[in-house]
There are 2 protein chains.
Amino acid sequence: MPASRSAAGAVDESAARRPTLTEVAALAGVSLKTASRALNSEPNVAEDTGRRVRDAADQLGYRLNGIARELRRGATSALVALISGDLTNPFYSAVASGIERELRQHGLQLVTANNDEDPELERALIDTFLERRVRALLIVPSGDRHGYLAIEGSRGVPFVFLDRPPDGIDADVVVIDNAGGARAGAEHLLRGGHRRIALIADLARTVPQRGRIAGFQAAMRAAGNRQWEPYLRTDVHDVRRAEETVRELLALDPPPTALFTTNNRLTTGALRVLKDRPEPPALIGFDDFDLAEVIGTTVVAHDAVAMGREAARLAHERISGHSGPARSIVISTSVIARGSGERPPA
Amino acid sequence: MPASRSAAGAVDESAARRPTLTEVAALAGVSLKTASRALNSEPNVAEDTGRRVRDAADQLGYRLNGIARELRRGATSALVALISGDLTNPFYSAVASGIERELRQHGLQLVTANNDEDPELERALIDTFLERRVRALLIVPSGDRHGYLAIEGSRGVPFVFLDRPPDGIDADVVVIDNAGGARAGAEHLLRGGHRRIALIADLARTVPQRGRIAGFQAAMRAAGNRQWEPYLRTDVHDVRRAEETVRELLALDPPPTALFTTNNRLTTGALRVLKDRPEPPALIGFDDFDLAEVIGTTVVAHDAVAMGREAARLAHERISGHSGPARSIVISTSVIARGSGERPPA
DNA sequence: GTGAAAGCGCTAACAG
DNA sequence: CTGTTAGCGCTTTCAC
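So, here is what we can say about the structure in this document. (Residues numbered from 1 in each chain as written. Chains lettered and ligands numbered in written order. Predicted model: local features only at pLDDT ≥ 70, side-chain atom pairs only at ≥ 80, totals over all residues. Heavy atoms only, no water.)

### Remarks on empty space enclosed by the protein
Next up, step 1: Enumeration according to the criterion identifies 4 cavities of 30 Å³ or more in this entry.
Next up, step 2: Roughly 100 Å³ of internal volume is contained in the largest cavity.
Next up, step 3: Of all the secondary-structure elements, those providing two or more residues to the lining of the largest cavity are α4 (66-72) of chain A together with α4 (66-72) of chain B.
Next up, step 4: Element by element, the count of residues in the lining of the largest cavity is highest for α4 of chain A, at 3 residues.
Next up, step 5: A class-by-class count of the residues in the lining of the largest cavity yields 4 nonpolar, 3 polar and 4 charged. (1 Å grid on protein atoms, 1.4 Å probe; cavity = no way out; pocket = protein on both sides within 12 Å on 5 of 7 lines; lining within 4 Å. Points joined across faces, edges and corners; volume = space filled by probe spheres on them. Helix = DSSP H or I, 4+ residues; strand = E, 2+ residues; numbered from the N terminus. Nonpolar A, V, L, I, M, F, W, Y, C, P; charged D, E, K, R; others polar.)

### With respect to the relation of the copies chain B and chain A
Next up, step 1: When chain B is brought onto chain A, the operation consists of a screw motion whose angular component is 180 degrees and whose axial shift is 0.1 Å, with 0.1 Å RMSD remaining. Each copy turns onto its partner about a two-fold axis. Within chain B, the C-alpha atom positioned nearest to the axis of rotation is that of V111 of chain B, 2.2 Å from it.
Next up, step 2: Taken as a fraction of all interface residues of chain B, those also at the interface in chain A reach 100%, which identifies the copy contact as same-surface. (Least-squares fit on C-alpha atoms with pLDDT ≥ 70 in both. Contact = heavy atoms within 4.5 Å.)

### A few points about helix α10 (residues 239-251) of chain A
Residues and elements named next belong to chain A.
Next up, step 1: Compared with the 18 Å implied by 1.5 Å per residue over 13 residues, the 19 Å span of α10 between its first and last C-alpha is a close match.
Next up, step 2: Taken together, the buried positions of α10 are occupied by A242, E243, T245, V246, L249 and L250. Taken end-on, α10 shows its buried residues confined to a sector of 165 degrees, consistent with a single buried face. Opposite the packed face of α10, turned more than 90 degrees from it, sit the exposed residues R240 and A251.
Next up, step 3: Against β6 (197-200), β7 (232-233), β8 (258-261) and α11 (264-274) lie the buried residues of α10. (Expected span 1.5 Å × (residues − 1). Buried < 20%, exposed > 50% of the residue type's maximum accessible area, 1.4 Å probe, protein only. Arc of directions from axis to C-beta.)

### Quick notes on the protein's contact with DNA strand C
Next up, step 1: Around DNA strand C lies a shell of 24 residues, among which T34 and R72 of chain A together with L21, Y62 and R72 of chain B are the nearest.
Next up, step 2: When the atoms of DNA strand C within 4 Å of the protein are grouped by moiety, sugar and phosphate amount to 57% of the total.
Next up, step 3: One of the side-chain N or O atoms of R37 of chain A is found 2.8 Å from a base nitrogen in DNA strand C.
Next up, step 4: Those elements that place two or more of their residues in the surface near DNA strand C are α2 (32-39) and α4 of chain A together with α2 (32-39) and α4 of chain B.
Next up, step 5: Class assignment for the residues of the surface near DNA strand C results in 9 nonpolar, 8 polar and 7 charged. (Near = heavy atom within 4 Å. Polar contact = N/O pair within 3.5 Å; in protein donor to acceptor, adjacent residues only side chain to side chain.)

### A few points about the interface of chain B and chain A
Next up, step 1: Listed by partner, the interface residues are 82 residues for chain B and 83 residues for chain A.
Next up, step 2: Buried surface at the junction of chain B and chain A, summed over both partners, amounts to about 7000 Å²; 53% is from carbon and sulfur atoms.
Next up, step 3: Linking chain B to chain A there are 11 salt bridges.
Next up, step 4: A salt bridge links D116 of chain B to R104 of chain A, with the nearest nitrogen and oxygen atoms 3.1 Å apart.
Next up, step 5: Applying the counting rule to chain B against chain A returns 19 residue pairs in polar contact (both at pLDDT 80 or more).
Next up, step 6: Mapped by element, the contributors of at least two residues to the side of chain B that touches chain A are α4, α5 (90-105), β2 (109-114), α6 (119-131), α7 (150-154), α11 (264-274), α12 (292-295) and α13 (304-319) of chain B.
Next up, step 7: A breakdown of the residues in the side of chain B that touches chain A according to their chemical character gives 37 nonpolar, 22 polar and 23 charged. (Buried area = accessible area lost by both parts, 1.4 Å probe. Salt bridge = Lys/Arg side-chain N within 4 Å of Asp/Glu carboxyl O.)

### Notes on the packing of α2 of chain A against helix α3 (residues 47-60) of chain A
When two helices pack together, their arrangement is captured by the angle between the axes and the distance separating the axes.
Residues and elements named next belong to chain A.
Next up, step 1: It is at 9 Å that the axes of α2 and α3 come closest, and there the two elements cross at 90 degrees. The orientation of α2 with respect to α3, classified from their angle, is roughly perpendicular. For the pair formed by α2 and α3, the contact residues are T34, A35, A38 and L39 on the first element and T49, G50, V53, R54 and A57 on the second.
Next up, step 2: Considered class by class, the residues forming the contact of α2 with α3 number 5 nonpolar, 3 polar and 1 charged. (Axes fitted to C-alpha atoms, helices over the stretch in contact; angles between N-to-C directions. Parallel < 35°, antiparallel > 145°, perpendicular 65-115°, else oblique.)

### As for α6 of chain B
Residues and elements named next belong to chain B.
Next up, step 1: The terminal C-alpha atoms of α6 lie 19 Å apart, and with 13 residues this matches the ideal 18 Å at 1.5 Å per residue to within 8%.
Next up, step 2: For α6, the side-chain oxygen to backbone nitrogen distance between the N-cap and E120 is 2.9 Å, and the N-cap itself is D118.
Next up, step 3: Where α6 ends, the next residue or the one after it, R133, has phi of about 60 degrees, a positive value.

### Observations concerning the packing of aromatic side chains
All names here are of chain A.
Next up, step 1: For the coordinates displayed, the defined rule picks out 6 aromatic pairs over all chains.
Next up, step 2: By way of ring pairs, the aromatic residues F216, W228 and F260 are connected into one cluster.
Next up, step 3: Cation over ring: R212 sits above F286, and NZ or CZ is 3.9 Å from the ring centre. (Phe/Tyr/Trp six-rings, centres within 6.5 Å; stacked < 30°, edge-to-face > 60°. Lys NZ or Arg CZ within 6 Å of the ring centre and 35° of its normal.)

### Examining the sheet that holds strand β11 (residues 328-331) of chain B
Next up, step 1: The strand order β11(A)-β5(A)-β4(A)-β3(A)-β1(A)-β2(A)-β2(B)-β1(B)-β3(B)-β4(B)-β5(B)-β11(B) describes an open sheet built from 12 strands, whose pairing is mixed. The strands lining the two open edges of the sheet, one partner per strand, are β11 (328-331) of chain A together with β11 of chain B. Each strand of the sheet is rotated relative to its neighbour by a mean of 20 degrees, with strand direction disregarded.
Next up, step 2: Sheet analysis places strand β4 (residues 159-162) of chain A next to strand β5 (residues 172-176) of chain A, joined by 3 bridges and oriented parallel. (Pairing = 2+ DSSP bridges.)

As structure tokens, this is what we get:
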């Protein structure tokens, strides 16, 4: 009875090893080098010889060993790594999608890893990828000290930081206009007549959050408004805490007439609470999301896919030999009015 | 002037090459093999020797060449590939997240690629990954002929198919209970008193969609209801077309009193239309989504992260040598009532 | 047009 | 405990 043709992983004897180029050459009756030339479509191979080699390869089920090729060609792969937070967060998956599309234009492949927002793990992942000889490393950093990467960068592995600038190293970076976006959102609420505006922010130690908080504050200062100050809440890091925080804020006397949430998670939390309220406060959230239009949520939007694309573009330029000073790209934001941000103060 | 320490990719002379193990050994004054042993924490290295080697490595900025190691160890990497649709679709990113988490437990790394729903591209990607000697290949297939993979599977590269079973090859697979879920959703509407129920489905040539359509039909047949038949619409593939289709359906006389959409994209389209209607029909959508609770959308839910996790688990078992017949895992579904599916017929 | 020999950087096998 | 030798599968000289 013949061996099963199942792909389920049945390990028969033939399963162990794949045919090598040497075996293809032997079967075709040519030298190793000629076989190599034929399969790589290099010049100086007689048409007939080429055909014989390709037939032999097909017959054996030959497949090039990319690892051997890479070793010989200089131990550098066609892989570009992305280290970010969990892909179930639409922000990260949008960034990853933008990167992947851009890389593909250049024959590069994306490898992703989740840092679980753990700086230790992040560093371990960076090590792993460098050992694997990725061509470039794109990082949405969780940790905040990256000085140890300087020597790597100088050795020819380009780094690009997304969303958060690196600390202790001078590298290409793509960030959102956090301060500008938050300021525009805050001004939108002020124009609507709001004064008691609650600011609900994520971990204040991160640079993007600091930028958003600063932008918001700048708008308040410029308007001479200080009534928002009792309603500032930071370090709200997940949906549940956001819900609690919003509930607490609305229970105050007097309650805020408007909320500004500084990322999509916090906006989700706020929405969950507001849906049950007869007279909800106004709401503007940083980060656009899929159904914002359906729900009627006013947001500070930006293009996360473009962010990924730009980062990949920078990385590709470095890979191609560009060697200027570190560059910085800022992704612009815009306020999209959909109703929730236009509710007047009670 | 000293060379810049910038990570921006400045290519000074030292950038060209990384130190090798041979150089580390030379600096430490030991043999190549001893250096290897020391850095791999193998037994039989004097403590003092080990320290000398590690110092030398640090001093040179040595980093193991993973490509050389892999070649020597049998030309097989620690990479597992996922080929799927675009990661901006939350279904795919949830799957990817589940896979990534499970793989990490076993020291494996995820590589992702987008097939753009193009079977040609999909096949090219598979080739690329096989050349790169991935340990396993997880595929949410776009193409529907995979017979050509049989020989690969028999050579020891495990394949796992997600969401859609493969055609022409017998491989592990993880699917959703499409028929059961759709049937439960349809029965939920029937119980609510609906008879004129519109079914809005995606490309009917795909197996999951056929399953959902069949499940829906089975429920109708069992209830002796044929009033739904004029309201069947298939091959609706994007949000815009879904909006148009829903608008057309609602303009019919008599209009349907309920809608059943067979995936998240179509549900999004329906929601965009319904939000402007004073008396919207009931709606149930296949696939849960982030803000469904906020919007109050009744859905047929399933756990896409678990789907990825199970697929990764199957792949890992194959990698570890398991060699039984192909297995099939079914992810269960449940109807989550949130309001939209409980609206009574007009 | 074609082939022989060398070697990418590492680990495995075997000696000492 | 340490070192020597060989070789993973391929591409790159360089010679024919």
